[in-house]
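# Residue-level structure breakdown
Now for the letters of each chain:
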Amino acid sequence: MIRFIAAAASLVAIAAFQPMSAEASSAPKSATTTTASSKALSNGCTYGPRGIPTCGTYVGAAHGSNSDPSGLESTIGRRLAVHRTYYTGSQVTNGVTMARNDLAAGRLPWISFKLPYSWSDMVAGRGDAWAKDLATRFAGLNGPVWLAFHHEPEGDGDIQTWRKMQERLAPMIRSRAANVGFTVVLTGWHELYGDTQYRLSNIWPRGVKIDVAGFDVYQNYGVVKNGVKTTKWTDFENSYYKPISTWAANNNVKWGLGETGITNDGAEAKPGWINQVVDQMTTYGGIAFSYFDSSLNSVAPWTLGTQTKLNSYKDAVAGTPVIQKAP
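Below is a short write-up of the structure.

## So, the sheet that holds strand S12 (residues 288–293)
Pairing within the closed barrel is parallel, and its eight strands lie in the order S3-S4-S5-S6-S7-S8-S11-S12. Across the sheet, the mean angle separating the axes of adjacent strands is 25 degrees when strand polarity is ignored. Where helix H11 (residues 273–283) meets the sheet, it contacts strand S3 (58–63), strand S11 (254–259) and S12, and its direction lies at approximately 155 degrees from that of S12.

So this is what it looks like as structure tokens:
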């Protein structure tokens with residue numbers, strides 16, 4: 001991926017369910033006994049307090065400008081398993097409200113926050129009170145939440161300072177919120193194919209537990225830049241899923257796509273692409289797939305705005321697991 005594709009993720013939030021039709025379920029890959037600290041997923045497997053599933057892939061989306069996704073859910077006849085939203089450092093209340101609404105609807109909130117201070121200030125402790133308050137507020141919710149801080153950092157500053165910021169915040173958040181999964185979201189392209197300063201071995205947080213590694217990888221086919229249309233397909237399986245899954249297994253971290261999308265031209269050329277890459281992700285152990293159904297900050301038409309895309313997305317979500325609705 002190149003940086004202009006990654007820029008599709010930089011959203012400024014606008015904060016904002018109801019049960020949908022009966023959801024299809026499929027037999028789990030492996031039987032799992034529900035314990036007092038785990039709950040049953042719709043596919044028969046379980047998920048822990050931080051929302052990590054024992055099998056299957058959550059399929060969800062970012063929708064509009066942090067918009068209520070119930071309309072999309074009505075269209076596809078199923079609730080989103082994961083709902084991706086984005087906030088600034090001053091919008092914690094908005095994020096908590098959205099997470100509470102998502103949990104009541106049976107969606108796992110996956111929230112990105114920009115920070116109230118610079119990376120270096122956060123490393124020095126200036127943002128500790130902000131982070132502790134945030135953790136306490138999310139800990140009060142009745143269900144799991146995934147949090148990320150300054151996703152897609154490549155090119156935004158000294159990457160080693162960003163790494164140290166993650167190392168400071170991860171234990172601070174996880175120790176105060178047993179229901180929060182700490183996630184780190186990167187572009188993927190930079191880590192695998194870009195400048196060596198961004199290699200995972202160089203920037204991955206050290207000595208702390210990260211629950212989920214997220215990667216924002218888009219299908220380049222059909223993207224127009226400087227009047228030229230890209231006709232080369234991004235090979236998700238071989239270029240991303242294989243190396244990421246191997247790295248994740250070696251580093252004891254779960255992984256998923258924090259954002260992805262395909263152009264209208266791409267969807268017409270390969271109508272089943274979304275369904276295909278979700279199936280491949282499950283094969284390689286990815287636990288979350290979030291489609292970028294938004295036109296904000298986009299260099300291409302990623303939204304699920306055509307019937308072809310909607311059909312493929314509907315096929316992709318069929319039988320995938322969802323969490324229980326919070327009481």
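## Things to note about helix H5 (residues 128–139)
The terminal C-alpha atoms of H5, which comprises twelve residues, lie 16 Å apart, in line with the 16 Å expected from a rise of 1.5 Å per residue. Close packing links the buried residues of H5 with helix H3 (92–105), strand S5 (108–113), helix H4 (119–124), strand S6 (145–149), helix H6 (159–176) and strand S7 (180–186).

## Section: the packing of aromatic side chains
In the structure shown here, the tally under the stated rule is 20 aromatic pairs. Aromatic side chains Phe 149 and Phe 182 sit 5.7 Å apart centroid to centroid with 40 degrees between the ring planes, which places their arrangement in the tilted category. Separated by 33 residues along the polypeptide, Phe 149 in strand S6 and Phe 182 in strand S7 bring together distant segments of the chain. Of the two residues, Phe 149 and Phe 182, both sit in the buried class. Between Tyr 193 and Tyr 240, the ring centres sit 5.9 Å apart and the planes meet at 85 degrees, which makes this aromatic pair edge-to-face. Here Tyr 193 is found in helix H7 (residues 189–193), whereas its partner Tyr 240 is found in helix H9 (residues 236–250), with 47 residues between them in sequence. The exposure class assigned to Tyr 193 is partly exposed, which follows from its relative accessible area of 42%. Aromatic ring contacts, followed pair by pair, group Tyr 193, Phe 236, Tyr 240, Tyr 241, Trp 255, Trp 273 and Tyr 284 into a single cluster. Taking the ring centre of Trp 110 as reference, the NZ or CZ of Arg 84 above it sits at 4.9 Å. Positioned over the ring face of Trp 233 is Lys 270, at 4.2 Å from the centre of the ring.

Quick notes on the rules
Residues numbered from 1 in each chain as written. Predicted model: local features only at pLDDT ≥ 70, side-chain atom pairs only at ≥ 80, totals over all residues. Heavy atoms only, no water. Pairing = 2+ DSSP bridges. Helix = DSSP H or I, 4+ residues; strand = E, 2+ residues; numbered from the N terminus. Axes fitted to C-alpha atoms, helices over the stretch in contact; angles between N-to-C directions. Contact = heavy atoms within 4.5 Å. Expected span 1.5 Å × (residues − 1). Phe/Tyr/Trp six-rings, centres within 6.5 Å; stacked < 30°, edge-to-face > 60°. Buried < 20%, exposed > 50% of the residue type's maximum accessible area, 1.4 Å probe, protein only. Lys NZ or Arg CZ within 6 Å of the ring centre and 35° of its normal.

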